Amino acid sequence: MKKFINKIKEIKEMKNGKAILFFGFYFIFFLILFLILKFSEKNPLSHPDEYEKGNNGYVFHMDKILENNYKYTFTITIDGVQYIYLGQKNGSKEIIKFNNKDYFRNEFDFFRNDNIWLKCENPFVFTDFLDINIIEKIIETSSYESKTSFENGKQSYNLLISSNTLNQLLSNINSDFLEEPNKIYINTDTEKYVNEIKFNLDSYCYLNNLCQKSLEINLEYYDFGNILEIVNPIN
């Protein structure tokens, strides 16, 4: 400390020493301020499995969903109008009930039962938010807001993501909206496996002219690992 004080005195006695000390002080001050602000920001996840390691407050696992063996209820609400899909999935095959019709999915192909099975268009809307691989990427680039832990071991996470980030991620579009962020809610079971994902995408939907006012997507997963082989009804 004494050496440091002596060094300051030496600089002060130099030509332009006071000016050097003045600008040096403010340089260090603003550098420290910048570092404080930078590292106090809400940082997005930087690695696909980071949420499984418990970083940034995340302690949940997507493994059971990624195994592609479960039943599901997907509810998509656009400006108050609901689209409800009930399904069961085993690998690349799915049986889906939507709007009182039965559908079969085999990877990228969809078929509807109209007394006979006929190939049809994908009945799902907002498919990017139903694909678990894309959902993982959305979660990775989201910011942590808060977590609620329950006595039975279940947990609920609140995340935030901007429409600009979603546009870049989903459509490779560089937008510059000033907005309220979109919200993601993730619920887990008692063993911290994700069993429900909710998206509130009012901002994303409205700013991209995909709805008039609101978009909510609620994905519920259950009965993991108990779906027997789904037989292709087309064969």
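Note that the structure is predicted; figures quoted are calculated from it, not measured.

Asker: Any chance you could break down the overall build of the chain for me, citing the residues and the numbers?
Answerer: The helix and strand inventory of the chain stands at six helices and 11 strands. Among the 235 residues that make up the chain, the fraction classed as buried is 33%. In the chain, 50% of the contacts between residues at least 6 apart in sequence involve partners at least 24 apart.

Asker: Just give me the short version of the packing of helix α4 (residues 132-140) against helix α5 (residues 163-171), but keep the residues and values in it.
Answerer: In helix packing, the relevant descriptors are the interaxial angle and the interaxial distance, both defined with respect to the helix axes. Remark: α4 packs on α5, axes separated minimally by 11 Å, with the N-to-C direction vectors making an angle of 145°. Note that α4 runs across α5; the crossing there is right-handed. Within the contact between the two elements, α4 uses I134, K137 and I138 and α5 uses L166, L169 and L170. Residue composition of the contact of α4 with α5, by class: five nonpolar, no polar and one charged.

Asker: I'd love a proper account of the sheet that holds strand β6 (residues 116-120), names of residues and values included.
Answerer: Two strands in a sheet stick together by hydrogen bonds in their backbones, pointing the same way (parallel) or opposite ways (antiparallel). Reading across from one edge, β6-β5-β4-β3-β2-β1-β11-β10-β9-β8-β7 is the order of the 11 strands in this open sheet, with antiparallel pairing throughout. Of all strands in the sheet, those bounded by a partner on one side alone are β6 and β7 (143-149). Pairwise comparison of adjacent strand axes, ignoring direction, gives a mean angle of 20° for this sheet.

Asker: For the pattern of salt bridges, give the residues involved together with the corresponding values.
Answerer: Side-chain pairing between opposite charges can occur once the charged atoms of the two side chains come close. In total, this model carries eight salt bridges according to the counting rule given. A salt bridge links K97 to D102; its shortest N-O distance comes to 2.7 Å. Residue K97 is classed as partly exposed on the basis of its relative accessible area, which comes to 40%. On the basis of relative accessibility, which here comes to 30%, the residue D102 falls in the partly exposed class. Here K101 and D114 are joined by a salt bridge, their closest N and O atoms 3.0 Å apart. With K101 in strand β4 (residues 101-106) and D114 in strand β5 (residues 109-114), the pair connects residues that are 13 residues apart, well separated along the chain. Residue K101 is classed as partly exposed on the basis of its relative accessible area of 34%. One salt-bridge network, held together by shared partners, links K89, E94 and R105.

Asker: If you had to explain the nonpolar core to someone new, which residues and values would you point to?
Answerer: Judged by nonpolar contacts, the single largest core of 40 residues is most densely connected at F129, I135, I197, F199, I217 and Y221. Sorting elements by how many residues they give to this core places strand β1 (residues 69-78) first, with five residues. In contact with F129, not counting residues within four places along its chain, are I135, I138, L166, L170, F199, L201, Y204, I217 and L219.

Definitions and cut-offs
- Residues numbered from 1 in each chain as written.
- Predicted model: local features only at pLDDT ≥ 70, side-chain atom pairs only at ≥ 80, totals over all residues.
- Heavy atoms only, no water.
- Helix = DSSP H or I, 4+ residues; strand = E, 2+ residues; numbered from the N terminus.
- Buried < 20%, exposed > 50% of the residue type's maximum accessible area, 1.4 Å probe, protein only.
- Contact = heavy atoms within 4.5 Å.
- Axes fitted to C-alpha atoms, helices over the stretch in contact; angles between N-to-C directions.
- Left-handed = near helix turned anticlockwise from the far one by under 90°.
- Nonpolar A, V, L, I, M, F, W, Y, C, P; charged D, E, K, R; others polar.
- Pairing = 2+ DSSP bridges.
- Salt bridge = Lys/Arg side-chain N within 4 Å of Asp/Glu carboxyl O.
- Core = buried A, V, L, I, M, F, W, Y, C linked by side-chain atoms within 4.5 Å.

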